[in-house]
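# Architecture and fold: a report
The residues making up each chain are set out below.
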Amino acid sequence: MEEICRICLEASVTGLGFERGLLYWIDPVAKTLTGKCAFGMSGSGLTEVNFRKRVIPLDSGDILAQVARTARPVNVTAPGTEPEYNPEFLRETGSKAFCLVPILGSEKVYGIVAVDNRRSGKPITAEHMENLSIFCNTTGLALQNAELIENILESQARYRTTINGTADAIAGLNEDFRVTIWNKSAERLFGVKAGDMLGNPLLPLFPPEEARLLRAELDRAGFVRDFAVRGRQAGTGAETNLSVTCTPIEREVQGREWSVVVRDMTAQTRLQAQLIRSEKLSAVGQLISGIAHELNNPLAAVVGYAELLARSEKPPESLKADLAYIMTNARRCRGIVSTLLNFVRQPQAHKTACRINDVIEDTLDLMRYKIEKTENIALVKELAAALPPVFIDPQQLGQVFVNCLSNACDAVAARTGSGEITITSSFADGKVRATLRDNGCGIDRRHQDSLFQPFFTTKPEGKGTGLGLVISRRIIEECGGALTLLFSGPETGTAFGIELPPAEEAYAPQCAPAPGRVTGKKVLIIDDEEDLLPVMYRMIKGDGNAAETAAPREGLARLAAGDYDLVVSDMEMGALKGRDIYEAAMKLPSPPGFLLITGDVLNPALLEWIEQNNLTCIPKPFGMDEFSGAVRKLLAVPRKREGGGKRSRRGGGGR
Ligand code: ADP
């Protein structure tokens with residue numbers, strides 16, 4: 001537009017026979033006229049630089065403002081001293097007579113051309129004025145076109161920036177579904193540059209079946225909105241979830257076109273699936289913990305009675321084998337319950353120096369039936385002798401083996417032929433190592449990087465949670481070790497390796513001396529489980545102590561009346577809780593020791609309370625050794641005779 005103004009002025013002056021000229025520009029926003037360009041002014045005192053500084057408000061009385069407002073040309077023959085002719089400006093330019101002609105577009109005045117014949121003083125005729133007006137009107141149209149083009153270019157730039165700046169892939173398609181617009185996100189999503197895409201059809205970028213469905217829906221409905229389509233990630237080829245919206249644009253001249261927006265929903269879909277899975281998981285978790293809780297009480301009775309019988313003076317020979325059988329299986333049930341519980345919540349780790357081979361053997365005992373009998377998989381064990389112990393919670397290490405073995409079983413089941421799982425242990429490079437190898441289906445190369453990501457699973461809905469390897473790795477790493485994929489492929493099967501540092505000398509497993517027997521003490525046992533009371537009673541009596549059993553309410557009454565050395569109480573007993581018993585006991589002048597037993601091992605509030613009060617707590621079902629060990633330890637602590645302290649340490653040594 002600047003260029004057009006300059007050409008217009010020069011052509012007006014030279015072409016129409018004037019001597020010099022000025023062009024004023026109208027700024028409709030600032031509502032002013034400003035000097036824009038000058039031609040032939042060199043002899044006068046006005047330079048173009050100074051001229052460009054001239055600003056005349058459009059609502060002023062200046063003759064220029066009047067021309068701008070009325071859009072009518074003016075021929076000024078004697079400016080004289082009339083106030084509408086700026087005297088200073090007249091002096092500066094030395095003009096005696098001049099004419100002002102507006103530059104008219106179809107809807108507005110763009111500016112004003114002022115011309116004169118200062119040197120020759122030649123008068124400006126009506127014909128000159130008319131010619132100048134015609135020329136200025138043509139210029140006005142040229143300016144209008146230029147303005148339109150500038151607007152179009154500007155809006156194109158704006159729309160390009162917007163389209164390229166959006167996270168969604170945007171494409172424009174012509175009638176034949178060939179690409180006419182391809183933004184940066186489309187380049188990224190489909191991995192094809194705009195230069196290679198323009199003019200080519202869009203649909204082949206989708207898997208054929210998806211493209212067919214999309215096309216069919218477009219033909220049927222004439223548009224699609226948030227149409228779910230599977231895609232492939234550019235580069236990796238990983239499956240993606242796309243949402244496609246395709247809207248027709250009806251054009252009078254070029255016919256129908258399409259605007260397409262493709263949104264990558266992969267992350268969102270995964271997140272939603274994770275949420276659903278974790279909700280399911282927590283529902284399953286609650287179910288499992290409920291079942292485990294219910295099982296713990298009867299199981300505690302089975303274990304307890306079986307142990308009592310086995311330890312009785314003279315168990316009949318014929319019963320010995322049966323009893324051993326009951327105990328082994330009851331312990332196995334206990335193991336299963338605690339394995340279930342470990343899956344539900346991340347239990348507090350009880351790290352201790354333990355032998356990896358023992359944990360492997362225990363795990364295999366738990367899983368042998370499933371592996372060998374149910375799945376018909378050969379189990380090969382290559383365990384090195386005399387390995388140094390490792391410092392880890394054996395329950396948690398067992399959980400790692402259970403996870404890896406279950407995965408191996410699934411992998412073997414997923415292929416035909418005879419299955420085999422090999423588990424090894426060794427000591428090399430200063431680390432205790434175990435490997436789990438299977439001859440199963442192997443892990444797809446594309447999945448190998450995602451194995452340890454939470455919720456990554458290739459198993460069908462309801463079978464896999466995608467948590468096994470994550471939890472396992474966390475358990476191993478928390479002990480300074482590593483769990484890694486050693487190799488995997490359809491030919492080789494899969495091998496995972498576990499390495500753990502050997503336990504420090506100080507942690508080497510030593511046979512902790514069993515707490516010595518303490519006799520002649522008085523113990524009150526409170527539980528609402530009638531089956532369990534006699535078991536505990538007999539265990540305590542067997543150690544040479546006086547024991548009394550009571551249901552909760554009765555127990556509370558007896559506690560106040562009797563002088564007990566130790567109170568053993570269940571936690572969950574209906575309205576009255578173990579907590580109430582504890583608090584009542586601690587208020588006594590000489591508080592007894594306190595042993596809490598509970599089947600509710602998952603309750604975080606309970607665990608916190610136990611921790612805060614430093615209580616000894618044993619989870620149901622417990623073995624005889626565990627129970628009498630805890631009882632002996634607490635009875636060995638002398639009672640405070642002065643009493644009154646609510647926070648007695650006598651329950652100390654909590655777990
Ligand atoms: P989940 O078993 O619930 O799927 P994991 O975290 O234990 O969760 O395993 C994640 C995925 O790793 C499995 O879904 C499976 O695809 C793969 N995987 C793990 N171990 C093996 C194996 N031994 N053979 C083949 N694939 C395996």
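Residues numbered from 1 in each chain as written. Predicted model: local features only at pLDDT ≥ 70, side-chain atom pairs only at ≥ 80, totals over all residues. Heavy atoms only, no water.

Another aspect to go through is the overall build of the chain. Check the secondary structure of the chain and you find 18 helices and 25 strands. Taking 655 residues into account, the globule formula puts the C-alpha radius of gyration at 26 Å, and the chain, at 46 Å, lies well above it. Oriented by its inertia axes, the alpha-carbon framework of the chain measures out at about 145 × 70 × 55 Å. Looking at the chain as a whole, 42% of its 655 residues qualify as buried. Sequence-distant contacts in the chain: of pairs separated by 6 or more residues, those separated by 24 or more amount to 62%. (Helix = DSSP H or I, 4+ residues; strand = E, 2+ residues; numbered from the N terminus. Rg over C-alpha atoms; globule rule 2.2 N^0.38 Å. Buried < 20%, exposed > 50% of the residue type's maximum accessible area, 1.4 Å probe, protein only. Contact = heavy atoms within 4.5 Å.)

All right, on to the pairing of strand S20 (residues 546-550) then. Taken residue by residue, a regular strand's side chains alternate between the two faces of the sheet. Bridge count between strand S19 (residues 522-526) and S20: 5 bridges; the pairing is parallel. Bridge pairing in S20 places Ile525 opposite Thr549. With respect to chirality, the unit in which S19 leads through helix H14 (residues 532-542) into the neighbouring parallel S20 is right-handed. (Pairing = 2+ DSSP bridges. Right-handed = clockwise from strand over helix to strand, strands pointing away.)

Note on placement: Lys381 falls in strand S13 (residues 378-383). With a relative accessible area of 38%, Lys381 lands in the partly exposed category. Lys381 sits 55 residues away from Leu436 along the chain, and the two C-alpha atoms are 9.7 Å apart. Non-local contacts of Lys381, meaning those with residues more than four positions away in its chain, are made with Glu361, Leu364, Arg368 and Ile423. A polar side-chain atom of Lys381 sits 3.0 Å from a polar atom in the side chain of Glu361. (Polar contact = N/O pair within 3.5 Å; in protein donor to acceptor, adjacent residues only side chain to side chain.)

This brings us to the sheet that holds strand S15 (residues 420-428). Taken together, the 5 strands give an open sheet; going across it, the order is S13-S15-S16-S18-S17, and neighbouring strands pair in mixed fashion. Every other strand in the sheet has two partners, leaving S13 and strand S17 (482-489) as the edge strands with one partner each. Within this sheet the neighbouring strands show an average axis-to-axis angle of 15°, counted without direction. Taken together, the 7 bridges between S17 and strand S18 (residues 493-500) define a ladder with antiparallel strand orientation. Bridge pairing in S18 links Ser488 to Thr494. In the packing of helix H12 (residues 394-413) onto the sheet, the strands contacted are S15, strand S16 (431-438) and S18, and the crossing angle to S16 comes to about 25°. Strands S17 and S18 of the sheet are contacted by helix H13 (residues 468-477), whose axis makes an angle of about 135° with S17. (Axes fitted to C-alpha atoms, helices over the stretch in contact; angles between N-to-C directions.)

With that settled, consider the sheet that holds strand S7 (residues 169-173). The 5 strands lie next to each other as S8-S7-S11-S10-S9, forming an open sheet whose pairing is antiparallel. Each of the sheet's edge strands pairs with one partner strand only, and the pair in question is strand S8 (179-182) and strand S9 (224-232). Sheet twist, expressed as the mean angle between neighbouring strand axes with direction ignored, is 25°. Bridge count for strand S10 (residues 239-249) against strand S11 (residues 257-264) is 8 bridges, and the pairing is antiparallel. Of the residues in S11, the one forming a bridge with Ile249 is Glu257.

Here we come to the nonpolar core. Counting residues in hydrophobic clusters, the biggest one holds 40 residues, and the most contacted among them are Ile356, Ile392, Phe401, Ile421, Ile498 and Leu500. Those elements giving two or more residues to this core turn out to be helix H11 (356-374), strand S14 (390-392), H12, S15, S16, H13 and S18. It is H12 that contributes the most residues to this core, 9 residues altogether. For Leu500, the residues in contact, after removing those within four places along its chain, are Ile356, Val390, Ile392, Leu397, Lys431, Val432, Ile476, Cys479 and Gly481. (Core = buried A, V, L, I, M, F, W, Y, C linked by side-chain atoms within 4.5 Å.)

Glycine aside, a negative phi is what most residues show, and trans is what most peptide bonds show. One non-glycine residue, Asp226, lies in positive phi territory at about 45°. Mapped onto the fold, Asp226 is located in strand S9. With a phi angle near 50°, Ala386 is a residue other than glycine that sits in the positive phi range. Mapped onto the secondary structure, Ala386 falls in the loop between S13 and S14.

Let us look at the side chain of Glu307. Looking at where Glu307 falls in the secondary structure, it is placed in helix H9 (residues 266-311). With residues up to four places along the chain from it excluded, the contact list for Glu307 reads Met327, Arg331, Gly623, Met624 and Asp625.

Turning our attention to a nonpolar patch on the surface. Together, Leu287, Ile291 and Leu295 make up an exposed nonpolar region whose accessible area comes to about 280 Å². By the secondary structure assignment, Leu287 is in helix H9. (Patch = residues over 30% accessible without salt bridge, like charges linked within 9 Å, V, L, I, M, F, W, Y side chains within 5 Å. Areas by Shrake-Rupley, 256 points an atom, 1.4 Å probe, with all protein chains shown as cover. Salt bridge = Lys/Arg side-chain N within 4 Å of Asp/Glu carboxyl O.)

On to the site of the ligand, then. In the region of the ligand, 19 residues are neighbours, and Thr457, Thr458, Lys459, Thr465 and Gly466 sit closest. Within the side chain of Thr458, one N or O atom sits 2.4 Å away from an oxygen atom of the ligand. Taking Gly468, its main chain carries an N or O atom lying 3.4 Å from an oxygen atom of the ligand. Against a free-state accessible area of 530 Å², the protein chains account for coverage of 93% of the ligand. For the shell around the ligand, the secondary structure elements donating two or more residues are H12, H13 and S18. Ranked by residue count, the leading element in the shell around the ligand is H12, at 3 residues. Partitioned by chemical class, the residues of the shell around the ligand number 8 nonpolar, 9 polar and 2 charged. (Near = heavy atom within 4 Å. Nonpolar A, V, L, I, M, F, W, Y, C, P; charged D, E, K, R; others polar.)

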